[in-house]
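# Chain and residue survey
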Amino acid sequence: MHLKTDFDVIIVGGSYAGLSAAMSLGRAKWKVAIIDSGKPCNAQTPHSHNFLTRDGATPAAIGAVAREQVLSYPTVEWIEDLAVNASGENNNFTVQTGSGQHFNAKKILFATGIKDLLPATPGLAACWGISVIHCPFCHGYEYSDQKTGILVNGETTLDFARLIRNWTSDLTIFTNGAADFDINTKMQLQQICVSLNEQPVERIVHENGYLTHIEFQDGSSSALKALYHRPPFEQHCKLPEVLGVQLNAQAHIALDAALKTNVPGIYAAGDNASPARSVANAVATGSFAGARLCHELISEQYS
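Report follows, based on the coordinates. (Residues numbered from 1 in each chain as written. Predicted model: local features only at pLDDT ≥ 70, side-chain atom pairs only at ≥ 80, totals over all residues. Heavy atoms only, no water.)

## Focus on the packing of aromatic side chains
- As enumerated under the stated definition, the model contains four aromatic pairs in all.
- An angle of 90° between the planes, with centres 5.5 Å apart, marks the rings of Phe-137 and Trp-167 as edge-to-face. Taken together, the residues span a long stretch of sequence, with Phe-137 in helix 4 (residues 136-139) and Trp-167 in the loop between helix 5 (157-164) and strand 10 (171-174) at a distance of 30 residues.
- Note on Trp-167: relative accessible area 15%, which makes it buried.
- Geometrically, the ring pair formed by Phe-160 and Tyr-228 is edge-to-face, given 6.4 Å between the ring centres and 70° between the ring planes. With Phe-160 in helix 5 and Tyr-228 in strand 15 (residues 226-229), this residue pair connects regions lying 68 residues apart in the sequence. Taken individually, Phe-160 and Tyr-228 each receive the classification buried, so the pair is uniform in this respect.
- Above the face of the Trp-78 ring, Arg-67 is positioned so that its terminal group lies 3.9 Å from the ring centre.
- Lying across the ring of Phe-160, Arg-230 places its NZ or CZ 3.8 Å from the centre. (Phe/Tyr/Trp six-rings, centres within 6.5 Å; stacked < 30°, edge-to-face > 60°. Helix = DSSP H or I, 4+ residues; strand = E, 2+ residues; numbered from the N terminus. Buried < 20%, exposed > 50% of the residue type's maximum accessible area, 1.4 Å probe, protein only. Lys NZ or Arg CZ within 6 Å of the ring centre and 35° of its normal.)

Right, here's the structure in full:
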């Protein structure tokens, strides 16, 4: 059992956004608890890119350095556990963990990320974050000018194709069934030299997560090195909603300009509240949320 149970801020989620917020708060000498269950969404991603000074490092290596640096501040405590319940109101919150511990805090920051709802297509989950990818800024350079696909259908198809076409001229749209867009979109795809394949997908074939080809239900196949996909998602943690926190139309936590939720005393940062899904954005929003929490705590001392 942990000796300390009362904190100024509890941060639920100890990945990049949570650790960044904890650094801001720790350097301001606030008592902070980071509660983390050790299950980051990018656990199987081999390399992280597009983050200054750490380009190409593994997500685990970035997290390990960050954790070491943050925990060097004596007012920051790491609690390896799963937050399972939360209650209370501004300046009097309680978070319960899976091990049965209860922690109290004036404020809560949710840096809990999102959970991708991947298709059940065999092989796709094993490639997710490795060769089946969501972001060209994170992974596109490594697959430049290679045979690439996009698993997409509907109204976003053309914009997605135009984006990825910047990284490769060998690009095919895989709709996994009849295309759900009009003939004008098909003509525009042809104009930018993007192929279209409407065959239902049977499986993703790979070697240790690295894609080799797609097999279709009719027995045909298509060789590929990379496949882009943007799956739907849900909040990784339901506790914000338990506390009355609202989500926006995109299923992210709704925030104001100071990264506050609609519930006083509750903030959010990182992927759970932003479509800009990257290590750099998580670190930036975490740092800002920590600073805003500091301002609020100080302001309340003089109110």
